[in-house]
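Coordinate analysis (summary)
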Amino acid sequence: MNAFTGYDGSTYNIGSRVELHPGMDLWMRGARFGTVIGSKPDNCALVQLDKLPNRRVSCSADMLRAA
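Quick look at the overall build of the chain
Along the chain, the regular secondary structure elements total 1 helix and 7 strands. Starting at the N terminus, the α and β elements of the chain follow one another as β-β-β-α-β-β-β-β. Over its C-alpha trace the chain gives a radius of gyration of 10 Å, about what one expects of a compact globule, namely 11 Å for 67 residues. Its C-alpha atoms give the chain principal-axis dimensions of roughly 30 × 25 × 20 Å. For the chain, the share of sequence-separated contacts (at least 6 apart) that also reach a separation of at least 24 residues comes to 37%. Carbon and sulfur atoms provide 49% of the accessible area of the chain, an area that totals close to 3,900 Å².

A short note on the pattern of salt bridges
Scanning the model with the defined rule gives 3 salt bridges in all. Ionic pairing is found between Arg17 and Asp50, a salt bridge with its closest N-O pair at 2.7 Å. One end of the pair, Arg17, is in strand 3 (residues 17-20); the other, Asp50, is in the loop between strand 5 (44-49) and strand 6 (56-60), and 33 residues separate them in sequence. Under the relative-accessibility criterion, Arg17 is labelled partly exposed at 38%. Among the ionic pairs, Asp25 bridges to Arg29, the shortest N-O distance being 3.0 Å. With a relative accessible area of 61%, Arg29 lands in the exposed category.

Points about the side chain of Ser10
The topology assignment puts Ser10 in the loop between strand 1 (3-5) and strand 2 (11-13). Look at Ser10 and you get buried, because its relative accessible area is 19%. Here Ala66 takes part through its backbone nitrogen, which lies 3.3 Å from a polar atom of the side chain of Ser10. Discounting residues that sit within four places of it in the chain, Ser10 has contacts with Phe4, Thr5, Arg65 and Ala66.

Quick notes on the rules
Residue positions are given per chain, counted from 1 along the sequence in the order it is written. In view of the model being predicted, local features appear only for residues whose pLDDT reaches at least 70, and side-chain atom pairs are presented and counted only at 80 or more, with totals across whole chains, interfaces and linings using the full set of residues. Excluding hydrogens and water, the side-chain figures rest on all heavy atoms present in the structure. Helix and strand definitions follow DSSP, with helices as H or I runs of at least four residues and strands as E runs of at least two, each counted in order from the N terminus. In this setup the radius of gyration rests on C-alpha atoms only. A globule is expected at 2.2 Å times the number of residues raised to 0.38. Any pair of residues with heavy atoms lying within 4.5 Å of one another is described as a contacting pair. Reported accessibility uses the Shrake-Rupley method at a 1.4 Å probe radius. Residues are deemed covered only where the shown protein chains occlude them. Salt bridges are counted wherever a side-chain nitrogen of Lys or Arg sits within 4 Å of a carboxyl oxygen of Asp or Glu. Burial classes follow relative accessibility: with a 1.4 Å probe on protein chains only, a residue under 20% of its type's maximum area counts as buried, one over 50% as exposed, and anything between as partly exposed. Between N or O atoms, a polar contact is any pair within 3.5 Å; within protein, one atom must be a potential hydrogen donor and the other a potential acceptor, and residues adjacent in sequence are included only when both atoms are from side chains.

Here it is as structure tokens:
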């Protein structure tokens, strides 16, 4: 899957900059932005975070939005 739809209705692709949903624990800890580096089955996006470059997050595509 190469095209995702975010929680605000925006679309983004692999390689796009995204913001995590404000309800996510990582967002509340300051890790708010990242880059989509891949996808997984069941509409999941793999994101490399800016604040934590060694950590990759896999989450539902509707928990992100285009930045």
